[in-house]
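Structural overview for review
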Amino acid sequence: MGKPLIHRSPMPGLGLSMGITLTMLSIVVLLPIGALLAKGASFGIGNIWDTVNRDRVWAALFLSFRLSLFAALFNLVFGVLLAWVLVRYRFPGRRILDAAVDLPFALPTAVAGIALTALHAPNGAFGSILGQLGWRVAYTQWGILIALIFVGLPFVTRTVQPVVEEIEREVEEASATLGASRFHTLRHVVLPMLAPAALTGFALALARAVGEYGSVIFIAGNIPLVTEIAPLLIVIQLEEFNYDAAASIGIAMLLISFALLLVINLIQVWSRRRIGHV
Amino acid sequence: MSDASALARAAAPDAPRARAFRAATDESPLVRWILVAVAVTGLLVLVGAPLFVVFSEALAQGWSAAAKSLSNRDARSAIRLTLTIAAIAVPLNAIFGIAAAWFITKFDFRGKAVLITLIDLPFSVSPVVAGLCIVLMFGANSAIGGWLVAHDLPIVFALPGIVLATLFVTFPFVARELIPVMIEQGRAEEEAALTLGASGWRIFRTVTLPNIRWALFYGVLLSNARAMGEFGAVAVVSGKIRGQTATMPITIEMLYNEYLSVAAFSMAAELTLLALVTLLLKAALEMRHADQLAAFRRH
């Protein structure tokens, strides 16, 4: 006899809570994702490959992934710095700064998209200055990068902040007592403690950026092969009622997302084994 | 050289030169100053500037032009639609979150970890792919969608589809706030109420709810902000029919593409104000009820 599927419990509400949970999960998430996979299955793996294996699709997938990686790397460095500054230092305006970190979570992506475009367009506040330096941001890959940095900004800070709060000063004091310079302590004692949380935040920011649509399409210019992101290709195929092609690209993106999710979980397992908690 | 420091040195000739005390676990003032400057500048450029631009562009032709652009029929219909969607999707989301958290934390069953992963799944799916999934599931070309359209109950390019897309992208918000809080609180209080003969509903209302209300509010807040602002998933399922299925974010896109900058940014400013109120409430909650929020007990 194996373990029972559900342990007997006197707690009320089993049927109701299980029913609501599984019904809503199925209707909202599982069946729609199943419909995508079923569409892919009926279209056939060969056909999916032929759809995805075109220059325009590869260019879009590669662009989305590459720029998301750069944006997440920027956010990794800036996010750790921000977490450190917000937890360890006291300065006027710290609370406002702390709240501002969450703005990219709260601000609708379309709003972020048009605001960033207005800012970086050739006649915008930043765009006109950068333009004189010969640096075009809007309607180039730089613009996409800025938008992806914006949407991924909170992830690393918010995963690292609680860890910084929990670091015991004694550890740093011990390091200092043993003669380590402040830089040496930060590099060899503090950073390794922050690494697992920072990597989790990095992977979350990456996953978010790969699928991002709203904040990017306004500033991107959407030139095929150059500034066309993968989610936009899906939208274009749908507007042409080309459901098979849309599903093919959607499945490719879903696979990338699942791979990232797997990486996030592996990081967490690894860090739990290494430092005992996440 | 002041008299005081000269006196001090005379009193303790071996003391090092007088300077501000710095603990071994602090960075030097210069390093600290540089780090704070980088943080402040970075956030001003990345977050502050876009925020400012939304309002300056909205008011580029004065208050009356902004107000006028928000009072026409299409704008009002977009605002009404967005409020309707949030009014349907957010309570459904809260009910799901409470049910899922109750099921996961009050019972022991196999596959719990899988269930939690599935609930979190929407966070790692692109909103556009989410919209695509709903189109493929309920669109006129699918078996279910065809039947529903034949019975005059269209889902895609209509309100139910937008609500479904919104539910998809906000799905984990409430549940993932409640689950850690309810795990930490354990079952002892509910079990005590049970032995005293309380009914299930009464246990929930008088024992569980007071313990989770702030976490619930926090989850609802986040889920509402996302519901009113969702663009990618809604863009795919809505069909963007002006005056019918164009939500506020979709209307912003249409106005912007028609070069109606003031109108686009005025509507954007409304959503930005909502985002700022959300952040304000969130910060207040975190300050006052940090001990009852899940976000502060992870890691």
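Residues numbered from 1 in each chain as written. Chains lettered and ligands numbered in written order. Predicted model: local features only at pLDDT ≥ 70, side-chain atom pairs only at ≥ 80, totals over all residues.

**Describing the overall build of chain B**
- The secondary structure content of chain B amounts to 14 helices and 0 strands.
- Reading the secondary structure of chain B in the N-to-C direction produces α-α-α-α-α-α-α-α-α-α-α-α-α-α.
- In terms of overall size, chain B is more extended than a compact globule, its C-alpha atoms giving a radius of gyration of 27 Å where 299 residues would be expected to give roughly 19 Å.
- Summarising its shape, the C-alpha atoms of chain B cover approximately 100 × 65 × 30 Å along the three principal directions.
- Expressed as a percentage of its 299 residues, the buried residues of chain B come to 45%.
- When contacts within chain B are restricted to residue pairs at least 6 apart in sequence, long-range pairs at least 24 apart make up 73% of them. (Helix = DSSP H or I, 4+ residues; strand = E, 2+ residues; numbered from the N terminus. Rg over C-alpha atoms; globule rule 2.2 N^0.38 Å. Buried ≥ 20, exposed ≤ 12 C-beta atoms within 10 Å, placed from the backbone. Contact = placed C-beta atoms within 7 Å.)

**A word on the overall build of chain A**
- Counting secondary structure elements, chain A contains 13 helices and 0 strands.
- Overall, the C-alpha framework of chain A stretches about 75 × 65 × 35 Å when taken along its three principal axes.
- Buried residues in chain A amount to 48% of all 278 residues.
- Sequence-distant contacts in chain A: of pairs separated by 6 or more residues, those separated by 24 or more amount to 77%.

**Focus on the domain arrangement of chain B**
All names here are of chain B.
- Per the domain assignment, the segments making up chain B are domain 1 (21-58) and domain 2 (64-296).
- For domain 1 and domain 2, the distance between their C-alpha centres works out to 32 Å.
- Taken together, the contact pairs 5 residues of domain 1 with 8 residues of domain 2.
- Looking at the side of domain 1 that touches domain 2, its residues break down into 4 nonpolar, no polar and 1 charged. (Domains from an automatic or database assignment. Nonpolar A, V, L, I, M, F, W, Y, C, P; charged D, E, K, R; others polar.)

**Description of the nonpolar core**
- Ile114 of chain A together with Leu132, Ile134, Phe168, Leu178 and Ala268 of chain B are the most contacted members of the largest nonpolar core, which has 177 residues in total.
- Structurally, this core is a two-domain feature, drawing no fewer than three residues from each of domain 1 (21-58) and domain 2 (64-296) of chain B.
- Those residues in contact with Ala268 of chain B, other than ones at most four positions away along the chain, are Val111, Ile114 and Ala115 of chain A together with Val54, Ala58 and Ile252 of chain B. (Core = buried A, V, L, I, M, F, W, Y, C linked by C-beta atoms within 7 Å.)

**Some thoughts on the packing of helix α11 (residues 200-229) of chain B against helix α14 (residues 261-288) of chain B**
All names here are of chain B.
- One way to put it is that α11 packs onto α14 with a least axis distance of 10 Å and a crossing angle of 165°. Relative to α14, the element α11 is oriented roughly antiparallel. Handedness of the crossing formed by α11 with α14: left-handed. Counting all contacts with α11, which are made through Trp214, Phe217, Tyr218, Leu221, Ala225, Met228 and Gly229, the residues of α14 involved are Leu271, Leu274, Ala275, Thr278, Leu281, Lys282 and Leu285.
- Here the residues of the contact of α11 with α14 are counted per class, giving 11 nonpolar, 2 polar and 1 charged. (Axes fitted to C-alpha atoms, helices over the stretch in contact; angles between N-to-C directions. Parallel < 35°, antiparallel > 145°, perpendicular 65-115°, else oblique. Left-handed = near helix turned anticlockwise from the far one by under 90°.)

**Observations regarding the interface of chain B and chain A**
- Contact with chain B, which involves 80 residues of that partner, is made by 80 residues of chain A.
- No other element matches the 16 residues that helix α2 (residues 29-58) of chain B contributes to the side of chain B that touches chain A.
- Residue composition of the side of chain B that touches chain A, grouped by class: 57 nonpolar, 12 polar and 11 charged.

**Quick word on the environment of Arg88 of chain A**
- Note on placement: Arg88 of chain A falls in helix α3 (residues 55-88).
- Overall, Arg88 of chain A belongs to the partly exposed group, with 15 C-beta atoms counted inside 10 Å.

**What to know about unusual backbone geometry**
- Of note, the phi angle at Tyr139 of chain A is positive, near 65°, even though the residue is not glycine.
- Within the secondary structure layout, Tyr139 of chain A lies in the loop between α7 (125-132) and α8 (141-166).

**Quick word on the packing of helix α6 (residues 109-120) of chain A against α14 of chain B**
- Between α6 of chain A and α14 of chain B, whose axes approach to 10 Å, the crossing angle comes to 125°. Of the possible angle classes, the one that applies to α6 of chain A and α14 of chain B is oblique. Between α6 of chain A and α14 of chain B lies a crossing of left-handed hand. Within the contact between the two elements, α6 of chain A uses Val111, Ile114 and Ala115 of chain A and α14 of chain B uses Ala264, Phe265, Ala268, Leu271 and Thr272 of chain B.
- Of the residues in the contact of α6 of chain A with α14 of chain B, the class split is 7 nonpolar, 1 polar and no charged.

**Some points on the confidence of the model for chain B**
All names here are of chain B.
- Per-residue confidence for chain B gives a mean pLDDT of 88; residues scoring 70 or more make up 91%.
- Taken as a whole, residues 1-18 scores under 50 in pLDDT and shows 4 contacts with residues more than four places along the chain or in a different chain.
- Interface confidence in the predicted complex, given as ipTM, is 0.90; pTM for the same model is 0.89. (pLDDT = per-residue confidence, 0-100.)

**Some remarks on the environment of Leu260 of chain A**
- Relative to the helices and strands, Leu260 of chain A resides in helix α13 (residues 243-275).
- Each C-alpha atom, one on Leu260 of chain A and one on Ala203 of chain A, is 6.8 Å from the other, the two residues being 57 residues apart in sequence.
- In this structure, Leu260 of chain A is in contact with Ala203, Leu206 and Ala207 of chain A together with Ser124 of chain B, ignoring residues within four places of it in sequence.

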